[in-house]
Amino acid sequence: MAGTARTRWPWISLLLSAALVCNPVGLDFLRSAFFAGEQLARNIAQPIVLTALAVMVVVVVLEWLVRSLIARRRARGASR
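Residues numbered from 1 in each chain as written. Predicted model: local features only at pLDDT ≥ 70, side-chain atom pairs only at ≥ 80, totals over all residues. Heavy atoms only, no water.

Helix and strand counts for the chain stand at three helices and zero strands. In the chain, the order of α-helices and β-strands from amino to carboxyl end is α-α-α. For the chain, the residues scored as buried account for 16% of the 80 residues in total. Taking as baseline every contact in the chain between residues at least 6 positions apart, the subset at least 24 positions apart corresponds to 52%. When the accessible surface of the chain is summed, it comes to about 6500 Å², and 70% of that surface belongs to carbon and sulfur atoms. (Helix = DSSP H or I, 4+ residues; strand = E, 2+ residues; numbered from the N terminus. Buried < 20%, exposed > 50% of the residue type's maximum accessible area, 1.4 Å probe, protein only. Contact = heavy atoms within 4.5 Å. Areas by Shrake-Rupley, 256 points an atom, 1.4 Å probe, with all protein chains shown as cover.)

To continue, consider a positive patch on the surface. A cluster of basic residues, Arg8, Arg72, Arg73 and Arg76, forms a positive patch at the surface. Within the element layout of this structure, arginine 76 appears in helix 3 (residues 39–76). According to the relative accessible area criterion, arginine 76 is exposed, its value standing at 62%. (Patch = residues over 30% accessible without salt bridge, like charges linked within 9 Å, V, L, I, M, F, W, Y side chains within 5 Å. Salt bridge = Lys/Arg side-chain N within 4 Å of Asp/Glu carboxyl O. Lys, Arg positive; Asp, Glu negative; His and termini not counted. Charge placed at Lys NZ, Arg CZ, Asp CG, Glu CD.)

Our focus in this paragraph is the packing of helix 2 (residues 24–34) against helix 3. Axis separation between helix 2 and helix 3 bottoms out at 7 Å; the angle between their running directions is 125 degrees. It follows from the interaxial angle that helix 2 and helix 3 lie oblique. Remark: the crossing between helix 2 and helix 3 carries left-handed chirality. On the side of helix 2, the interface is formed by Phe29, Leu30, Ser32, Ala33 and Phe34, while helix 3 contributes Ala41, Arg42, Ala45, Gln46, Ile48, Val49 and Leu50. Residues belonging to the contact of helix 2 with helix 3 are distributed by class as follows: nine nonpolar, two polar and one charged. (Axes fitted to C-alpha atoms, helices over the stretch in contact; angles between N-to-C directions. Parallel < 35°, antiparallel > 145°, perpendicular 65-115°, else oblique. Left-handed = near helix turned anticlockwise from the far one by under 90°. Nonpolar A, V, L, I, M, F, W, Y, C, P; charged D, E, K, R; others polar.)

A contiguous nonpolar patch, built from Phe34, Phe35, Leu50, Leu53, Val57, Val58, Val61, Leu62, Trp64 and Leu65 and spanning about 980 Å² of accessible area, is present on the exposed surface. The leading source of residues in the nonpolar patch is helix 3, at eight residues. Looking at the secondary structure, you find leucine 53 in helix 3. Judged by its relative accessible area of 46%, leucine 53 falls in the partly exposed class.

The next thing to look at is the environment of leucine 69. Tracing the chain through its elements places leucine 69 in helix 3. Of the residues examined, leucine 69 reaches a relative accessible area of 52% and is grouped as exposed. Spatially, the C-alpha atom of leucine 69 lies 9.1 Å from that of arginine 8, the residues being 61 residues apart in sequence.

Listed below in structure tokens is the structure:
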């Protein structure tokens, strides 16, 4: 099967996470969460950014687990 290289690397969710962080809105949230001059802006933005980071990590881990299960099943040759 040429051209059907399967990887366990969660590249889809990592690309999505990078796109969410590296756009102007994401960068603005990061700046306001950690580098804002006002305490109120930091207090509002930090929980939002940290929650989004936790969600992104969970999605990456879930994609890696699903890819690992699929790779293991294909290596085993299970057809059921």
